[in-house]
Structure formats: structure tokens, C-alpha cells
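Each chain is listed here by its residues.
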Amino acid sequence: MGSRGLNPQRWLDAFSDPHASIYTFSRCMTLADINADGDYKLIISDLGTGTANIKLKVYRGTSLMSESTLMDVPTGVVTFHMDMNEPRVPAVAVASGSNIFVYKNMRPYFKFSLPSMDVNPLEQDLWLEVRKKEMEVEVFYELLQNLRQELGFSNMTSRSQQLLMLDHSKWRSFVDQFKDIPIKKQSVITCITTLKKSMTEEDAASCLVVGTENSDMLILDPEAFTILENMNLGGQGNPISAGVPVHVGATGLYDVEFRLIVASRDGCVYLIRRGWIQARTLMQLPAQSVAMVILPENNSIVLALMNETLHGYTKKGKKQWEIKLPSAATAMTSIPLAHQGLTMVAVALTGGTVNLYSGRQVMDTIAAPDTVSGLLFGRFGQEDHSLVLVTISGHLLVKILKRTAQFSAQSSGAGMVPPQQIKMLVPKKTKLFMEQTLRERESAVAMHQKFQHDLFRLRLNTARACVNALQGCSNPFSTNIQEPLVMSAQVSGFGPTFKIHISLKNMSQSNPIKDLAITFHCDDKLYIIEKPFIQVPMLVPGLLYRFETVAECIAEIGMSDQVRVFIIKINQTQPILAAIINMPISDMLTLV
């Protein structure tokens, strides 16, 4: 099938097998040079019927190269380098059930199993009693049902879960088959990815990052397959208060600094960094996630959700954009094009449409014969830009990006704005500009010191101006955080008797202020204050309190002075607030 859009010749149909009968997803597909010969193979973990005919298939070009039988349903396939030995042959890790099967040269190499979990003592005692034939099967089944209501179905062992789901006619045969085998409980792997250990090269050694059903995130050593880090998405490993990881992406280096972005089954996205034992919630999604992609340029996160939307977030969890998809998303993968400086995201939609997005803009559209269940982009064979598609009907398609292909936003998309094509006029570098650049390079330290000196001087002048403005304010206020007060003072009258009005206001949010008093200080040869000491009641926040007293001028005509007002705290020596009142000159007519 060709592509639709502005340029139908962007993708070439390299291979199409409608009878491949592959049942897989994006996380169960990978591309790797497993023979170190430069010829990249396609590795697909085929789920078969879900219970039987589960295969690990390797395609070389258009032909099936090999296939291996898997014992359990796979949840993910990744390739990684275990060491720095030559030749640089990568290993293939298949996460299946509670195990990771490692293949080298497509031969079984190692098996890693998740550590066993503690079995509930009550459940263990029940199986021990039925093993000793001291309990009937019907009674045993009824006790397991009671234990299920107490513990929860997910917290029981897989053996008890299987028994509780069987018909009555199969209880006895199941118990007779498994009662002599020691009971144990193991978690299940839900997602897997790789993390570079100490170097960023493509063929450098990588650690395995594994997410489990009991909300644990494990980092495994690539050589010894020991657990280097054990982190949890919830509190103290409690699966009830934690999300189960379903998608995981890793950036950075394990030996230096790394970040794990984990999307869980409860619609949360978690962040784990080096040295953390417990994950932190990065964001809460409006719906559960279908797929997640971390873009390599700025570590931004793109998520396709079940509510038919596509979201873009920064690495700190801040939403950048959101678009409505034409239909529900089924798969997603990133398409990095280094030669164009562009990274797109391919989103498969129900019905067979695959849209290529750059941010919120649709760059291209590809049509498949059926709904796509698996997408993968990378080097296949000798081609660097190959797109592998697997549909729900088992159809396998391989498309190759044409070397002359160019991408531009489709203006027909709903709500899409075409990019600006305005060419910036950059002036040529003159001789004066080059001399100035050379001078700045030679005097960088001196220029920085001068800049810091001027910056400090600006801050000092600003602080001085602020202090002067506060001192000259007509309504002085207290800078005490515990007792924020604002005071205003006014004088009325022509003389020789003046009335002084004092207003106080508590500026705090909820704390009242009490044990305050107002005192006046003046020259007793010029003024007589009627009430030199005024007791202030408790000041409630937000209310304005007014006080007044009378000041009589006893001096000769034409003389005036200042009266100082102090707000003091009883039993304290330092005033909280102070103001100076410039008294007016007494009216001569009034004195006559």
C-alpha cells in the first residue's frame, strides 16, 4: 500500500506478506545486527494463539531466518550488548512471565527469574493441610474463597488463582496434581527496556530495566544479571497504593545520571532518578495510556491515550500540546531522521491509517490494509530508514523511506497551522564585528567582573531608594512579620488647640495583635498633650481603628514644632512603629 498525503512517493513498498500470520505488538519487535555483519535482522516475538504456538521469529530481508519456541506469553523484546568484547554481537532479551530469556547468536544463553515473594502464611497453611489429606477439597476451596475476600485476588499465588477459576469437576484433579509441589509466589514482568551503563555509543554495554506486576522497577547488570537497583512506584512496595508499570523509557547513563519515565496502569506517569528508592508522580493523565515515546532531542514525552487524544509533555511533566486523533490509537513509535534534523512520531489508528506527527502537526499519512497492532522504525538490512508494520490480521509490511523524501506539515489537518517559511535576513560579518568578537573573547573575565560590579551597584541603589521611599511614606508600616501594622496620622484645627487623629490597621491574614499602646513625645514648653498615653485594644485583622487626642500650643505666636508618635508593645523598650507630625503654626486671628 502506498502512502497518502502531499507526496505519495515518500515510502517505497519493500516487502509485504499477507500470510505471515503474526500476532504481536510494538514492544515485542526489535531490529538488531545479531551476527555483527552489518545486516540488521527483524526479531519478532509472535504470541501465536495466546496460549500455544508462541514463537521467537527472526527475519532476514524477506525470508524467515529462524524461529524458536517460547514457553510463556512474551511481554517485551529488546537487544543489548552485554560486554565490550569483539566481535560486537548483541544479545536478545525476551521478557516472558516472571523470566527473562537471553539469547546470543539466537541460541539460549541465560535465564533470569524474578526473586520470589513472600507467600501469605494462611494460604501456605491451607495448602499444607490439603497436602496431608487432613482437609476435603470442597472445604479447602471454600477457605480459599474466604481468604480471597480478605487478601484480594491479586495478592494470592498463581496456583490458588487458577484453582479458584476452575469448575467444580476439576478441583480434585488440580489439587492432586500440584499439592506435593512447594507453593511459591513470583511476580510477572510487565515491561522492559535498556539503559546505557557507562558510555553513550550505540554498541556500548547496556543494563536491562524491568517493570513488574508488584510495582517494582529493577535494573539488572548486563554481565552478571544481578539486581543493581530495586525501586518501587508506591509506598514501601505496597501494590495497593502503587501503579503497575506498563510503559517505560530510560535516558542517561546508569553510572552517571539516569531518568526512568514510567507510565502505569492507573493513568499516572512516574519519574525515577539515580539514588531514588521510590518513584515520584510526574503527572496524572486524563485517561490510560496506549503507548509512550520519549524523544531523544529534549527528552520530551509523547503519550497516546485511550480517549483518542495525543499529548506532548516536557521532561518535567508540563503539558505542551494536545490534539484529538481521528480514531483510537493502537500503536506508536518514534521516527528519528538525523539527516533532516527532524523526529516524528508515527501513530497507528483503527482502520489502518498511520499518521506521522511532528509535535501537533501532521507530516504524512500511510495507509495499511488493516488496523496496525505493531510499529517499528529503524535499520533493516542495509536500509537505515525502514518502517515495519504488523496488522491485527497477521499481515507483515516493510516500507523504506525514499532518500529524497522531504516532510512538511499538511495544512488540511484540523486545527493544524502550517510552519512559517519566512527566510531570515542575517547580515554578513563585518571587520568591526570580528574585532569586537575577538576583544570580547580576550577580555571575557574583566567584562564579567565589570558586569557583576554594575549589577551589585544597581541593586544597592534600588535598596537605598526603597528605604528612602519607606521613610518618607505618609502611612508608615511595620516590617515585623509577627505584627504587621499600618499607621496614619493627621492634624486638624487652626490653633492654638489642635486635634491629632491616629489610625491603625492590622495587615496580617488571621492573627490578631494585642498589648499595644500609643505614646506622644514633644517639647513641653510648646505643646500640652491631653492624652499622652492611649491604650490600644486588640486589633482584629482587616479592621481600621481610629484614636484621637488634643494638643494645645502654649508658645508665642508664629512658633511650631514636631510631635512624635510611637506605637509600643507593653513591657518592651523598643517601639514597633514611629511617625513624626509637623504641627502647623497657630492662626494669629484665633489667638487675638
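Residues numbered from 1 in each chain as written. Predicted model: local features only at pLDDT ≥ 70, side-chain atom pairs only at ≥ 80, totals over all residues. Heavy atoms only, no water.

Draft legend 1. Inspection of the overall build of the protein chain at higher detail. When helices and strands are counted, the protein chain shows 7 helices and 37 strands. By the compact-globule yardstick of 25 Å for 592 residues, the protein chain is too spread out, its C-alpha radius of gyration being 39 Å. Seen through its C-alpha atoms, the protein chain measures out along the principal axes to roughly 120 × 90 × 50 Å. The buried share of the protein chain, reckoned over its 592 residues, is 45%. (Helix = DSSP H or I, 4+ residues; strand = E, 2+ residues; numbered from the N terminus. Rg over C-alpha atoms; globule rule 2.2 N^0.38 Å. Buried < 20%, exposed > 50% of the residue type's maximum accessible area, 1.4 Å probe, protein only.)

Draft legend 2. Main features of the sheet that holds strand β4 (residues 41-46). With antiparallel pairing, the 4 strands of this open sheet are ordered in space as β3-β4-β5-β6. The strands lining the two open edges of the sheet, one partner per strand, are β3 (29-32) and β6 (63-69). Going across the sheet, the axis of each strand differs from the next one's by a mean of 20°, ignoring polarity. Across 5 bridges, β4 lies against strand β5 (residues 55-60) in antiparallel orientation. Its bridge partner lying in β5, aspartate 46 is registered against lysine 55. (Pairing = 2+ DSSP bridges. Axes fitted to C-alpha atoms, helices over the stretch in contact; angles between N-to-C directions.)

Draft legend 3. Structural view of the pattern of salt bridges. On inspection of all chains with the given rule, the structure shows 17 salt bridges. Aspartate 39 is the salt-bridge partner of arginine 60, the closest N and O atoms lying 3.2 Å from each other. With arginine 60 in strand β5 and aspartate 39 in the loop between β3 and β4, the pair connects residues that are 21 residues apart, well separated along the chain. A residue is classified by how much of its surface remains accessible, and arginine 60, at 45% relative accessible area, is partly exposed. For aspartate 39, a relative accessible area of 14% translates into the label buried. In this structure, aspartate 454 engages lysine 450 in a salt bridge whose closest nitrogen and oxygen atoms are separated by 3.8 Å. One end of the pair is aspartate 454 and the other is lysine 450, both in helix α6 (residues 444-471) and 4 residues apart, which spans about a single turn. (Salt bridge = Lys/Arg side-chain N within 4 Å of Asp/Glu carboxyl O.)

Draft legend 4. Region of the structure containing the packing of helix α1 (residues 121-131) against helix α2 (residues 137-151). Remark: α1 packs on α2, axes separated minimally by 11 Å, with the N-to-C direction vectors making an angle of 175°. Accordingly, the angle class assigned to the pair α1 and α2 is roughly antiparallel. On the side of α1, the interface is formed by Leu122, Glu123, Leu126, Trp127 and Val130, while α2 contributes Phe140, Leu143, Leu144, Leu147 and Glu150. (Parallel < 35°, antiparallel > 145°, perpendicular 65-115°, else oblique. Contact = heavy atoms within 4.5 Å.)

Draft legend 5. Geometry of the pairing of β3. Burial along β3 is two-sided: the residues Met29 and Leu31 and Thr30 and Ala32 are all buried. Looking at chain direction, β3 and β4 are connected through 4 bridges and run antiparallel. In the strand pairing of β4, methionine 29 is matched with isoleucine 44.

Draft legend 6. Here's a closer look at the packing of α2 against helix α4 (residues 171-178). Between α2 and α4, the shortest axis-to-axis distance is 10 Å and the interhelical angle comes to 85°. In terms of orientation, α2 lies roughly perpendicular with respect to α4. Between α2 and α4, the residues in contact are Val137, Glu138, Phe140 and Tyr141 and Trp171, Arg172 and Val175, respectively.

Draft legend 7. Here's a closer look at the sheet that holds strand β20 (residues 301-305). In space, the 4 strands of this open sheet follow the order β19-β20-β21-β22, with antiparallel pairing throughout. With partners counted over all chains shown, the strands left at the sheet margins are β19 (289-294) and β22 (319-324), one partner each. Averaged over all adjacent pairs, the angle separating strand axes in this sheet is 15°, with direction ignored. Across 5 bridges, strand β21 (residues 309-313) lies against β22 in antiparallel orientation. Note that in β22 the partner of leucine 310 across the bridge is isoleucine 323.

Draft legend 8. How the structure looks around the confidence of the model for the protein chain. On average, residues of the protein chain score 84 in pLDDT, and 91% of them reach the 70 mark or higher. For the protein chain, the element scoring lowest by mean pLDDT is strand β1 (residues 3-4), at 42; β20 scores highest, at 94. Throughout residues 1-7 the model reports pLDDT below 50, and contacts reaching past four residues in sequence, or to other chains, amount to 21 contacts. Contacts of residues 411-421 to residues separated by more than four positions or lying in other chains number 8 contacts, the stretch itself having pLDDT below 50. (pLDDT = per-residue confidence, 0-100.)

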